[in-house]
Amino acid sequence: MIETFRERYGETAAIRVFRAPGRVNLIGEHTDYNMGFVLPIALELACFVASADSPDGHLRVYSEEKHESREWPVADIARLRPSGDWSDYVIGVAQELIRANYRVAAKLLLIRSTVPEGSGLSSSAALEVSSALALLAGQKIEAVRLAQLCQGAEVRFVGLPVGIMDQYVSVMGRKNAALRIDCRSLESEAVELPQGIEIVAVNTMVKHALAQSAYKERTEECAAAADAIRRLEPAVQSLHDVSISLLEAAAPSMPNVIARRARHVVTENERVELFVKAARRTDVERMGQLLAESHTSLQHDYEVSCAELDFLVDTAAGMDGVLGARMTGGGFGGCTVNLLRAGLRERFQRVISEAYQERFGITPQVFDCRPSEGAGEVKNLERIPPGAALSQQT
Ligand code: GLA
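Report follows, based on the coordinates. Since the structure is predicted, the reported quantities are computational estimates derived from the model, not experimental observations. (Residues numbered from 1 in each chain as written. Predicted model: local features only at pLDDT ≥ 70, side-chain atom pairs only at ≥ 80, totals over all residues. Heavy atoms only, no water.)

Quick notes on helix α11 (residues 345–360)
Item 1. Here α11 is 16 residues long and its end C-alpha atoms lie 22 Å apart, about the 22 Å a rise of 1.5 Å per residue gives.
Item 2. Within α11, the full set of buried residues consists of R345, F348, I352, S353 and Y356. Looking down the long axis of α11, one finds its buried residues gathered within 115 degrees of arc, a one-sided arrangement. Among the exposed residues of α11, those pointing more than 90 degrees away from its buried face are E346, E354 and E358.
Item 3. Where α11 is buried, its residues touch β9 (197–207), α10 (307–317), β10 (322–327), β11 (333–341) and β12 (365–368).
Item 4. Positive backbone phi, at 70 degrees, marks G361, one or two positions downstream of α11. (Helix = DSSP H or I, 4+ residues; strand = E, 2+ residues; numbered from the N terminus. Expected span 1.5 Å × (residues − 1). Buried < 20%, exposed > 50% of the residue type's maximum accessible area, 1.4 Å probe, protein only. Arc of directions from axis to C-beta. Contact = heavy atoms within 4.5 Å.)

Overview of the sheet that holds strand β7 (residues 177–182)
Item 1. Spatially, β2-β7-β8 is the arrangement adopted by the three strands of the open sheet, whose pairing is antiparallel. At either margin of the open sheet sits one strand with a lone partner, and together these are β2 (37–38) and β8 (187–192).
Item 2. Strand direction decides the pairing type here: β2 and β7, joined by two bridges, are antiparallel. Across the sheet, F37 pairs through a bridge with D182, a residue of β7.
Item 3. Of the strands in this sheet, β2, β7 and β8 are in contact with helix α5 (residues 165–172), which crosses β7 at around 135 degrees.
Item 4. Sheet strands touched by helix α8 (residues 256–280): β2, β7 and β8. Its angle to β8, the strand with the most contacts, is close to 40 degrees. (Pairing = 2+ DSSP bridges. Axes fitted to C-alpha atoms, helices over the stretch in contact; angles between N-to-C directions.)

Some thoughts on the site of the ligand
Item 1. Close to the ligand lie R23, E29, H30, D32, Y33, V162, G163, M165, D166, Y215, G329 and G330, which account for all nearby residues.
Item 2. A distance of 2.7 Å is found between an oxygen atom of the ligand and a side-chain nitrogen or oxygen belonging to D166.
Item 3. Side-chain polar atom of Y215 to an oxygen atom of the ligand: 2.5 Å apart, as the coordinates give it.
Item 4. Burial of the ligand by the protein chains amounts to 93% of its free accessible area of 300 Å².
Item 5. When atoms are counted within 2 Å of each cavity's grid points, the one that captures over half of the ligand is the largest pocket.
Item 6. In the shell around the ligand, the residues fall into four nonpolar, four polar and four charged.
Item 7. Among the domains, domain 1 (2–193 + 372–377) and domain 2 (197–368) are the pair contributing at least three residues each to the shell around the ligand. (Near = heavy atom within 4 Å. Polar contact = N/O pair within 3.5 Å; in protein donor to acceptor, adjacent residues only side chain to side chain. Areas by Shrake-Rupley, 256 points an atom, 1.4 Å probe, with all protein chains shown as cover. 1 Å grid on protein atoms, 1.4 Å probe; cavity = no way out; pocket = protein on both sides within 12 Å on 5 of 7 lines; lining within 4 Å. Sits in = over half its atoms within 2 Å of the grid points. Nonpolar A, V, L, I, M, F, W, Y, C, P; charged D, E, K, R; others polar. Domains from an automatic or database assignment.)

Here we look at the layout of surface pockets
Item 1. Quantified by volume, the largest pocket comes out at close to 1,000 Å³.
Item 2. Forming the walls of the largest pocket are 50 residues, and the residues nearest its centre are Y89, S123, S124, E154 and Q212.
Item 3. For the lining of the largest pocket, the element with the highest residue contribution is helix α6 (residues 210–230), accounting for five residues.
Item 4. Here the residues of the lining of the largest pocket sort into 21 nonpolar, 17 polar and 12 charged.
Item 5. Each of domain 1 (2–193 + 372–377) and domain 2 (197–368) gives at least three residues to the lining of the largest pocket.
Item 6. The volume enclosed by the second largest pocket comes to roughly 370 Å³.
Item 7. As for the second largest pocket, its lining consists of 16 residues, of which L193, P194, I197, R370 and P371 are closest to the centre.
Item 8. A total of three residues in the lining of the second largest pocket trace back to one element, the largest contributor, which is β9.
Item 9. Broken down by class, the residue content of the lining of the second largest pocket amounts to seven nonpolar, three polar and six charged.
Item 10. Lining the lining of the second largest pocket are residues from two domains, each supplying at least three of them: domain 1 (2–193 + 372–377) and domain 2 (197–368). (Points joined across faces, edges and corners; volume = space filled by probe spheres on them.)

A short note on the environment of R6
Item 1. Tracing the sequence through the fold places R6 in helix α1 (residues 2–9).
Item 2. Sequence spacing of R6 and R347 is 341 residues, and the spatial spacing of their C-alpha atoms is 43 Å.
Item 3. Residues in contact with R6, not counting those within four places in the same chain, are E11 and I15.

Quick word on the sheet that holds strand β4 (residues 58–63)
Item 1. If you trace the six strands from one edge of the open sheet to the other, you get β5-β4-β6-β3-β1-β13, paired in mixed fashion. A strand with exactly one partner marks an edge of an open sheet, and here the two such strands are β5 (68–73) and β13 (376–377).
Item 2. Here strand β1 (residues 16–25) runs beside β13; their pairing, made up of two bridges, is antiparallel. Each residue of the ladder has a partner; that of R19, found in β13, is G376.
Item 3. The strands touched by helix α3 (residues 123–136) within the sheet are β1, β3 (40–53), β4, β6 (107–113) and β13, with β1 carrying the most contacts at an inclination of about 155 degrees.
Item 4. In the packing of α5 onto the sheet, the strands contacted are β1 and β3, and the crossing angle to β1 comes to about 125 degrees.

Comments concerning the pattern of salt bridges
Item 1. Per the stated rule, a full pass over the model turns up 34 salt bridges.
Item 2. Residue E293 pairs with R286 through a salt bridge whose shortest N-O separation is 3.6 Å.
Item 3. For E293, a relative accessible area of 36% gives the class partly exposed. (Salt bridge = Lys/Arg side-chain N within 4 Å of Asp/Glu carboxyl O.)

Quick look at the packing of aromatic side chains
Item 1. A full pass over the atoms with the stated rule returns five aromatic pairs.
Item 2. Their ring planes at 85 degrees and their centres at 5.6 Å tell us that F311 and F360 sit as a pair that is edge-to-face. Here F311, found in helix α10, pairs with F360, found in helix α11; they are 49 residues apart in sequence, far enough to count as distant.
Item 3. Among the aromatic residues, those joined into a ring-pair cluster are F311, Y356 and F360.
Item 4. One cation-aromatic arrangement involves R180 over F37; the distance from NZ or CZ to the ring centre is 4.4 Å. (Phe/Tyr/Trp six-rings, centres within 6.5 Å; stacked < 30°, edge-to-face > 60°. Lys NZ or Arg CZ within 6 Å of the ring centre and 35° of its normal.)

Here you go:
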């Protein structure tokens, strides 16, 4: 990566490399923007940003994946408008940093990512957080603040009203543990996963166009549900504060579809808590069941699944040694997350790939999801994976 950097930008002084991981969410889907609970793990798949000072007052960025470069005079960054492509994540973050009074200097950046785009494994949060670290270049920032600024870039600049889960776990992920995040207090705790299981993500390789508009619609539906419930119980700030019995009491005062959206969120928060407890007593069967219940709720109450996700979940559910499976991330494509008994991964991959190939004519990617640590500067450059350009040469 350093060689590619020098080929592109010439000999420069100190090159630093920053890494931020993608994530897979085990359970707690579409709860973060309702101030609820989530349980993601940071992945080894990650975005790497190499950076050095730029001599000419410009911010220059090159994406290896896209084979595209962009540049802007640093003095213009605060006034830029979104351009609708990958560079919005970098500029969005730069604007947030400037607004928060961090110094954003002219830099040369090279981006290499192993998080597949559109897969629901949070390639955008990985890009935001690694870019933010490169632009901060060592300026001190509190971890939660960093996550909030990166979330702000996506909400205010890219224009998607996301919650904080992806950026939070990318910053604060733990090796060997999932992270239970309370999206209201922004506190988190590590949850160690039992021995004898493997977590595997399967990529549908599709991302339906509906994803972004439906995401916004769901955030509005949840806000409408909270408004309706507040008329009955004024202390309710968000669906985080709603119990099943309160929801049942309030349901007649709202359209059925709104009540179903709320039911997903309220029951999903409960499932996160049950899953964490099951993990702590190493009850892997119960963990698997909760994944299955989560999927059913996302499929029927929240309606963010799709035929490809349902097929992967149903196929996995019918296999020996699969404890549970569900869609993960925003939905309408992307990945499923599967809980397997250890040692079955190869057979699982073969069977699920053949079935998916036969049904949809697409070979799905399968990823091992070993919990990795959160974002930071890469001190051991051997950890950087080879880029496409380099691996083509070999
Ligand atoms: C996307 C968003 C997250 C979260 C999930 C759904 O990944 O970026 O904030 O809302 O969808 O759980």
